[in-house]
Amino acid sequence: MLITNIILGELYTNCYLVSNKSECIIIDPGAEPKKIIEFLHSKKLTPKLIISTHYHADHIGGVKKLVEKFDVDFALGKNDLDYLNNQPAWVSNLITSYEKPESPDILLSDEEKINIIGLEIKIIATPGHSPGSICIYIEDNLFTGDTLFRNGIGRGDLPGGDINQEILSIKKKIFTLPDNVNVFPGHGESTKIKNEKNNNIYLA
Ligand SMILES: [Zn+2]
C-alpha cells in the first residue's frame, strides 16, 4: 500500500491516493481534477472508489470530472447528503475548478467497513466540522479531513457545523486509536495521534 499526497486548488487541499499495485482509492479530490487524472495516467493507476471526508467544496470540487472519466463510485458520510446542496457559496466560489458532483453513489455510516483494492477501509463518523464528517482508517493511517489538523482543528461555523461536537468526536473517536497511527489531514502536514494528544493546543 502506498499513500501519495497531491495538493490541490486555492485552499491547498490534501488529496490522497491510496494505491495497492495498479488500483487506488481517491480521498478528497477537492479541485484541479486534471492534475489527478494526469497523475493516475502517469502511474498507470485505476481508481476504484472516491471518498470525500465531508461535503465542503474544497473536498469535492474535482469529483464530477473523475466520475465522468473513470465511471467510479463516489462515497460521502450519510449525514452530509443534505448539505451538498447547501454549499457555502464563498467556498465554492474560491475554488475556480469546482464542479458540483452528482449525488453520492454510497452513503457511509459509522463503523462501516469496505473491502476494496485488497485493503480493509474502516469509516469512523466524526461529526462536528460538518454533520457527516468522517475519518477513513486504513491499516495504521487515519485520513481526518478537516476534523483534525497538525496542531489545529477544523472550524465549526460552516452550515451544520458544531465545534463542541467536533472536539468530542476527536477525543472519543480519534484519540482512542493507537498513539502511533499516522494522521493525514485535509490541509497541512501529516502528524501522529500521539503528537496531537500531547501538543494540539485546541484540545488541551
Ligand atoms: Zn471543510
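Structure: see above.
Notes on the structure follow.

Let's shift gears to the nonpolar core. The biggest cluster of nonpolar side chains holds 25 residues, and the ones touching the most others in it are Leu17, Ile26, Ile36, Leu40 and Ile50. Elements with a minimum of two residues in this core: strand E1 (2-8), strand E2 (13-20), strand E3 (23-27), helix H1 (33-42), helix H2 (57-60), helix H3 (63-70) and strand E5 (73-77). Broken down by element, this core gets its largest block of residues, four residues, from H1. If sequence neighbours within four positions are ignored, Leu17 has contacts with Leu2, Ile3, Thr4, Ile6, Ile25, Ile26, Ile36, Phe39 and Leu40. Core analysis: the next-biggest nonpolar cluster, separate from the first, contains 19 residues, Ala75, Leu119, Ile121 and Ile136 among them.

The computed volume of the largest pocket comes to approximately 180 Å³. Lining the largest pocket are 13 residues, with Leu11, Asp58, Asp146, Arg155 and His187 positioned closest to its centre.

Here we take up the sheet that holds strand E8 (residues 119-125). Each strand in a sheet pairs with another by means of backbone hydrogen bonds, the pair being arranged parallel or else antiparallel. Read across the open sheet, the six strands follow the order E7-E8-E9-E10-E13-E14; overall the sheet is mixed. The open sheet has two edge strands, strand E7 (113-116) and strand E14 (191-192), and neither has a second partner. Note: E7 against E8, four bridges, orientation antiparallel. Bridged to Ile114 within E8 is Ile121.

Calculation criteria
Residues numbered from 1 in each chain as written. Predicted model: local features only at pLDDT ≥ 70, side-chain atom pairs only at ≥ 80, totals over all residues. Heavy atoms only, no water. Core = buried A, V, L, I, M, F, W, Y, C linked by side-chain atoms within 4.5 Å. Buried < 20%, exposed > 50% of the residue type's maximum accessible area, 1.4 Å probe, protein only. Helix = DSSP H or I, 4+ residues; strand = E, 2+ residues; numbered from the N terminus. Contact = heavy atoms within 4.5 Å. 1 Å grid on protein atoms, 1.4 Å probe; cavity = no way out; pocket = protein on both sides within 12 Å on 5 of 7 lines; lining within 4 Å. Points joined across faces, edges and corners; volume = space filled by probe spheres on them. Pairing = 2+ DSSP bridges.

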